[in-house]
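Structural overview for review
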2 protein chains.
Amino acid sequence: AMPSAAGHADGEGSPIFGVTIPENYRQWEMIAPSQEDGSFNELRAILGNAISVKAYREGTLPFPDGAILVKLAWKRVPSPEFGGAFVPGHATTVQIMVKDSKRYAFTGGWGFGRFVDGQPVDRAQHETCFGCHQANVKEHDFVFTRLAP
Amino acid sequence: AMPSAAGHADGEGSPIFGVTIPENYRQWEMIAPSQEDGSFNELRAILGNAISVKAYREGTLPFPDGAILVKLAWKRVPSPEFGGAFVPGHATTVQIMVKDSKRYAFTGGWGFGRFVDGQPVDRAQHETCFGCHQANVKEHDFVFTRLAP
Ligand code: HEC
Ligand code: HEC
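Throughout what follows, the structure given in this document is the object of discussion. Just so we're clear, the structure is a prediction, and the values are computed from it rather than from any experiment.

Observations concerning the site of ligand 2
Neighbouring residues of ligand 2: 21 residues in total, closest Arg 44, Cys 129, Cys 132, His 133 and Thr 145 of chain B. Those residues lying near ligand 2 are distributed over chains A and B. Contact between ligand 2 and Ser 34 of chain B: an oxygen atom at 2.5 Å from a side-chain N or O atom of the residue. The contact in question runs from a nitrogen atom of ligand 2 to an N or O atom on the side chain of His 133 of chain B, over 3.0 Å. Considered class by class, the residues forming the shell around ligand 2 number eleven nonpolar, seven polar and three charged.

Okay, here's the thing in structure tokens:
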């Protein structure tokens, strides 16, 4: 296993960044849900570890080292039980951003990882992460998601 | 303050049920996000206390006494930073279900509370809760939401 930015040595790390899936992330506090239209057609939820949640609540930018954000995504499917409601279908990707301002100095201090069924996707996909976050949310430390009230 | 089914005496309880907003629920584990179309046009997230999360993970039905589910809802607004993505706008309602099989024996063991800006809505609205949950998800202990993978 690669050394892990997320302090967790199990599982394979992402190309370029060596980010792995953090332990117990499913128990982390929810930052916000989100949804994407079009061909994605997904429901999503962004969870954060304690360091990131503290930074959100206190409005600290840039996020401090050790902050980790995890975005869970599922296909958006109609509720079988109630018309007009949509619920998570099968899980598609788990995406991770880990703040380590030294190690990831060339990508805004963030290391990126995208996983499908627990396995990191290829290098080419990981070359796209920072570009998009930089182009759109540079002024918010490269993070789209705001803390939902 | 009314005596609270959620073990928390602050704030006004809901009509009929006396359910109050539990402390620290925003830190609870996320069960699932959801979305509703039409005039609601909302993003939602259902959070659960430790008793409810354990029941979900172990597949325990009916939910044991002490289980609490909280549904947060926000207007669904387009991300100002990325076309095709939708994010939480202003908060609309906080809705709560508290399991107490004795106290709420006549409504499937669940007490209901709907809050807007921290205040419970009127009695008439609270008369609708159980009817809808009973009509649609009686076989799942009156709970729509499944644990998202
Ligand atoms: C084409 C644009 C684009 C690319 C490429 C992209 N992202 Fe994002 N990312 C977004 C948008 C938009 C959001 C916020 C909306 C949402 O919730 O999906 C987001 C949100 C995230 C979040 C939640 C934190 C935040 O910034 O809101 C993580 C984690 C994340 N992306 C990781 C990745 C990883 C890892 C990659 C590459 C493997 C990647 N992203 C590539 C557009 C992109
Ligand atoms: C017309 C139907 C309807 C009525 C009336 C209704 N609900 Fe629900 N409720 C739903 C549906 C559908 C869901 C699941 C979809 C979603 O996430 O919004 C849900 C979900 C919930 C949840 C999350 C747990 C679960 O069952 O999934 C809570 C808590 C809840 N409702 C509370 C209330 C309260 C409190 C009231 C009354 C003040 C109420 N509901 C009235 C349809 C209804």
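Quick notes on the coordination of the iron atom of ligand 2
Exactly one donor from the protein chain reaches the iron atom of ligand 2: His 133 of chain B (NE2), at 2.2 Å. Within the secondary structure, His 133 of chain B sits in helix H3 (residues 129–137).

Some words on helix H1 (residues 50–58) of chain A
Residues and elements named next belong to chain A. Turning to H1, its buried residues are Ser 52, Val 53, Ala 55 and Tyr 56. Down the axis, H1 shows its buried residues gathered within 160 degrees of arc, on one side only. In H1, those exposed residues whose orientation departs by more than 90 degrees from the buried face are Ala 50, Lys 54 and Glu 58. Residues of H1 that are buried sit in contact with strand S1 (29–36), strand S2 (42–48) and strand S3 (68–78). In the stretch just after H1, Gly 59 is the one whose phi turns positive, near 70 degrees.

Describing the interface of chain B and chain A
Buried accessible area, meaning the area lost when the parts come together, often serves as the stated size of an interface. The interface of chain B with chain A comprises 35 residues on the first partner and 35 residues on the second. Buried area between chain B and chain A, both sides added, is near 2,900 Å², and the carbon and sulfur share of it is 53%. Seen at the junction of chain B and chain A, the total is four salt bridges. Glu 81 of chain B serves as the salt-bridge partner of Arg 146 of chain A, at 3.1 Å between the closest nitrogen and oxygen. Where chain B meets chain A, there are 18 residue pairs in polar contact (both at pLDDT 80 or more). Elements supplying a minimum of two residues to the side of chain B that touches chain A: strand S1 (29–36), strand S2 (42–48), strand S3 (68–78), strand S4 (85–99) and H3 of chain B. Here the element with the most residues in the side of chain B that touches chain A is S1 of chain B; it accounts for eight residues. Split by residue class, the side of chain B that touches chain A holds 20 nonpolar, six polar and nine charged. For strand S4 (residues 85–99) of chain A and S1 of chain B, the ladder comprises two bridges, and the chain directions are antiparallel. Bridge pairing links Ala 85 of chain A to Glu 36 of chain B in S1 of chain B.

Here is what the cut-offs are and how they apply
- Residues numbered from 1 in each chain as written.
- Chains lettered and ligands numbered in written order.
- Predicted model: local features only at pLDDT ≥ 70, side-chain atom pairs only at ≥ 80, totals over all residues.
- Heavy atoms only, no water.
- Near = heavy atom within 4 Å.
- Polar contact = N/O pair within 3.5 Å; in protein donor to acceptor, adjacent residues only side chain to side chain.
- Nonpolar A, V, L, I, M, F, W, Y, C, P; charged D, E, K, R; others polar.
- Donors = N, O, S within 2.8 Å, 3.2 Å for Na, K, Ca; no water.
- Helix = DSSP H or I, 4+ residues; strand = E, 2+ residues; numbered from the N terminus.
- Buried < 20%, exposed > 50% of the residue type's maximum accessible area, 1.4 Å probe, protein only.
- Arc of directions from axis to C-beta.
- Contact = heavy atoms within 4.5 Å.
- Buried area = accessible area lost by both parts, 1.4 Å probe.
- Salt bridge = Lys/Arg side-chain N within 4 Å of Asp/Glu carboxyl O.
- Pairing = 2+ DSSP bridges.

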